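Examining the three-dimensional arrangement
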Amino acid sequence: MTTAPIRAVHGVAEIAAVTDYFSDVWHTPRTAPPYPAEVLHSLIHAGGAVHVALDGTRVAGAAVVVLGPEGDTYSLVAAADQGLGLAVKRAQRAWALDRGARTMRWTFDPLVGRNARFNLAKLGAVGTEYLVDFYGPMADGVNDGDESDRLTVTWDLTAPAPPAAPPPPGTDDTHDRRAALAPAGVSAVAPDGGPLTLHDRDGQRVWCRVPDDIVALRAAAPALALRWRHAVRAVFTDAFARGCTATGMSRDGWYTLTHQEQTA
């Protein structure tokens, strides 16, 4: 896919195209978009930015960012076609650094493993806060019927980027996680009957598994999806109460929750 450079947008037509794109991503009618054009206009006017990635003239990715207090920024929403997500986030990062920001925060559904891996492993952000049913009931085509738990991630904009190449075998927490299986490291069972959590021997790390595709599961078996929501919520709220943060996500759907003493 050939794309034009990602850039900030301002005009009425461009913002309307971004609004339509977000409607398509979240499966809502274009007459009832999750981010109306007038809201995006207001955010830009207040000092924020809307970035867009183009495939020819077609919107292939978009993101919204606003300035916060004391060197912080907030990414309100970001979505992109496959392969463009990193470029969109880098555009937000450059915009924020140009304005003196040092960190960026946003939230995402912790059950969406691919987003967790992108945020934690590819960008190097850290999950710092677990929010229970953050938005209340949602009526879009992606989240409808579920409770809207969200994980806040904090991205240090000044930190070196993680390596672009995949890590060599044994460095993606896989070896340590497998070692935790002996003896009897499984401490909870997931709704599908498999392991939900593992603990290391010194109690400094917890691994928590999420379903392969929560969006498809929510559509096919909403009751089972809600059981996953409650199971993962219990693990995260307990771990965060004990001083953990989310520091990684493996390719096979396991979060790493690490005690802050280990990350200091």
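Scroll up for the structure.
The paragraphs below set out a description of the structure included in this document. Position numbers for residues start from 1 in each chain and track the written sequence from start to end. The model is predicted, so local features are restricted to residues of pLDDT at least 70 and side-chain atom pairs to those at 80 or more, both for listing and for counting; the totals for chains, interfaces and linings are taken over all residues. Excluding hydrogens and water, the side-chain values take into account all heavy atoms of the structure.

With respect to the helices, strands and loops of the structure, Phe240 is situated in helix 7 (residues 222-241). Residues Phe240 and Glu129 lie 111 residues apart in sequence; the distance between their C-alpha atoms is 7.4 Å. By definition in these notes, contact holds between two residues if any of their heavy atoms fall within 4.5 Å. Setting aside chain neighbours within four positions, we find Phe240 in contact with Gly127, Thr128, Glu129, Tyr130, Leu151, Thr245, Ala246 and Leu257. Numbering of helices and strands starts at the N terminus; helices are DSSP runs of H or I of at least 4 residues and strands are runs of E of at least 2.

Our next topic: the packing of aromatic side chains. Side-chain rings of Phe, Tyr and Trp (the six-membered ring for Trp) are treated as a pair once their centres are within 6.5 Å; stacked means planes under 30 degrees apart, edge-to-face means over 60, and tilted covers the remaining angles. Applying the stated criterion across every chain yields a total of nine aromatic pairs. In this structure an aromatic cluster arises from ring pairing among Tyr21, Phe22, Trp26 and Tyr35. The ring centre of Trp106 lies 3.7 Å from the NZ or CZ of Lys89, which sits over that ring. Only when the NZ of Lys or the CZ of Arg is both within 6 Å of the ring centre and within 35 degrees of the ring normal is a charge said to sit over the ring.

Looking now at the pattern of salt bridges. Side-chain pairing between opposite charges can occur once the charged atoms of the two side chains come close. Any Lys or Arg side-chain nitrogen found within 4 Å of a carboxyl oxygen on Asp or Glu counts as a salt bridge. Enumeration according to the criterion identifies 15 salt bridges in this entry. For the salt bridge of Asp109 with Arg218, the shortest nitrogen-to-oxygen distance reads 3.5 Å. Separated by 109 residues along the polypeptide, Asp109 in the loop between strand 5 (103-108) and helix 4 (113-122) and Arg218 in helix 6 (residues 214-220) bring together distant segments of the chain. Arg218 shares its class with Asp109; the two are buried. A salt bridge links Arg242 to Asp238; the nearest nitrogen and oxygen atoms lie 3.2 Å apart. Burial classes follow relative accessibility: with a 1.4 Å probe on protein chains only, a residue under 20% of its type's maximum area counts as buried, one over 50% as exposed, and anything between as partly exposed.

With that settled, consider helix 7. Taking 1.5 Å of rise per residue, 20 residues should cover 28 Å, and helix 7 covers 28 Å from first to last C-alpha, within 8% of that figure. Taken residue by residue, helix 7 has Ala225, Trp228, Arg229, Ala231, Val232, Arg233, Val235, Phe236, Ala239 and Phe240 as its buried positions. Following helix 7 by one or two positions, Gly243 adopts a phi angle in the positive range, close to 95 degrees. One fewer than the residue count of a helix, multiplied by 1.5 Å, yields its expected span.

Take unusual backbone geometry next. A positive phi angle is found at His27, which is not glycine, with a value near 55 degrees. Note that His27 resides in the loop between helix 1 (12-25) and helix 2 (37-45). Since its relative accessible area comes to 52%, His27 is described here as exposed. A positive phi angle is found at Asp133, which is not glycine, with a value near 45 degrees.

What follows covers the nonpolar core. In this description, a nonpolar core means a group of buried Ala, Val, Leu, Ile, Met, Phe, Trp, Tyr and Cys residues linked to one another through side-chain atoms lying within 4.5 Å. Leu151, Leu196, Val232, Phe236, Ala246, Tyr255 and Leu257 are the most contacted members of the largest nonpolar core, which totals 39 residues. When residues of this core are assigned to their parent elements, the largest contribution, eight residues, is made by helix 7. Those residues within four positions of Leu151 in sequence are excluded, and the remaining contacts are Trp106, Thr107, Phe108, Pro110, Gly127, Glu129, Tyr130, Phe236, Phe240, Ala246 and Tyr255. Listed in part, the 18 residues of the second largest apolar core include Val18, Val50, Ala62 and Val77.

This part takes up the pairing of strand 11 (residues 244-249). Burial analysis of strand 11 places five of its six residues in the buried class, the great majority of the element. The pairing of strand 11 with strand 12 (residues 254-259) spans five bridges and is classified as antiparallel. By the bridge assignment for strand 12, Met249 is matched with Tyr255. Hairpin connection from strand 11 to strand 12: four residues lie between these consecutive antiparallel strands, with Gly253 at a positive phi of about 90 degrees. Here the rule is simple: two strands pair whenever DSSP picks up at least two bridges between them.

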